[in-house]
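Chains, contacts and geometry: an overview
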Amino acid sequence: MNHPSKAGTPIVIAHRGASGYLPEHTLAAKAMAHAMGADYIEQDVVLSGDGVPVVLHDVYLESTTNVAHHFPGRARPDGRFYAMDFSLEELRQLQVHERSGPGEDGVEVAVYPDRFPLGPALFGIPTLAEEIDLIAGLDRSRARRTGLYVELKGPGLHRRGGLDIAASVLEVLAQKGYANRPDQVFLQCFDGAALRRLRHEMKTPLPLIQLIGDNSWGEDTDSDYDYLLSPTGLAEVAGYADGIGPWLSQIYLGRDASGQTRLSDLVPRARALGLKVHPYTFRRDDLPAGIGSFTELLDVFFRQAGVDGVFTDFPDLVRSYLDSQAGLAL
Ligand code: CA
């Protein structure tokens, strides 16, 4: 880089930080991503009950913190511990660990078994403001310029709880001097209504990325992803967003009988509408079917599909891949 907006140069987006090496969304994972040369570092944001933006992927706490142990009895009837049911002061009491889920015997096991161990209790939940201070501080001490890639999680859930996540995030960005830096901040969301509001009502100058999931995931959003992927839907997205963040399986479709890579027409269709394409999530330890190595995966997306950047848990590997391709026309 080191200019996030430089035309034609694909960007490395550190997905939840260098989350392949340290627990996601910890300040340690963000510092590591910075040191690894990520162009952008991602913040997933939810609000505490008292309305403070904190950096956390899930609207729930149980998969990455010790909430069930520290605050037993605070789950909702669905068994989940919602971040917005806790004050910032309570969230600060929690310890963050590597992402886990129930294993075969109901015992918690790591989702990615070869990553940072589950045990050590070294980390807490950062606020968005604290994380921006960390990145801005490292930018200064390392003489770099690193972008923020902020996702608004669950705008509908927050609204039903009386909270406005878009307004709260814009307020923090304004306080930290980032609200008018369109070459250094992306805002992303799965919810199209939230993005349209940011563009048309709140009139943010920051570039917006429409994330595209799969309807079968059953997420809490107003978005119909099949529609967004259709010609009509994608043209509508181009009316309020600057790019899309599709799931990588919406671009790479596998291999045909002769072993040739099969790609969808999503990238050229998005390009024709002037939309950037930043697919997720590139993981060395979770390769799609038909892909033999992480380098092969990157070849498919950068050299064949021609995407503008990728969300990755392994920013060092994508950085070194792109550096090795420097001079080649990607
Ligand atoms: Ca995200």
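What counts, and at which threshold
Residues numbered from 1 in each chain as written. Predicted model: local features only at pLDDT ≥ 70, side-chain atom pairs only at ≥ 80, totals over all residues. Heavy atoms only, no water. pLDDT = per-residue confidence, 0-100. Contact = heavy atoms within 4.5 Å. Buried < 20%, exposed > 50% of the residue type's maximum accessible area, 1.4 Å probe, protein only. Helix = DSSP H or I, 4+ residues; strand = E, 2+ residues; numbered from the N terminus. Pairing = 2+ DSSP bridges. Donors = N, O, S within 2.8 Å, 3.2 Å for Na, K, Ca; no water.

Time to look at the confidence of the model for the chain. Of all residues in the chain, 97% attain a pLDDT of 70 or more, and the chain-wide mean is 95. In the predicted structure, residues 1-6 sits below a pLDDT of 50 and forms 14 contacts with residues beyond four places in sequence or in another chain.

This part takes up the pairing of strand β1 (residues 11-14). Neither face of β1 is exposed, since I11 and I13 on one face and V12 and A14 on the opposite face are all buried. For β1 and strand β13 (residues 309-312), the ladder comprises four bridges, and the chain directions are parallel. Directly across from A14, in β13, lies its bridge partner T312. Bridging between β1 and strand β2 (residues 40-47) involves two bridges; their strand directions are parallel. Counterpart to A14 in the pairing with β2 is I41.

This next bit is on the coordination of the calcium ion. Taken together, E42 (OE), D44 (OD) and E151 (OE) make up the protein donors of the calcium ion, found 2.2 to 2.3 Å from the metal. Counting along the primary sequence, the residues that act as donors to the calcium ion give the motif E-x1-D-x106-E. Residue D44 is located in strand β2, and its partner E151 is located in strand β6 (residues 147-152); the two are separated by 107 residues in the primary sequence. Assessed through its relative accessible area of 4%, E151 is described here as buried.

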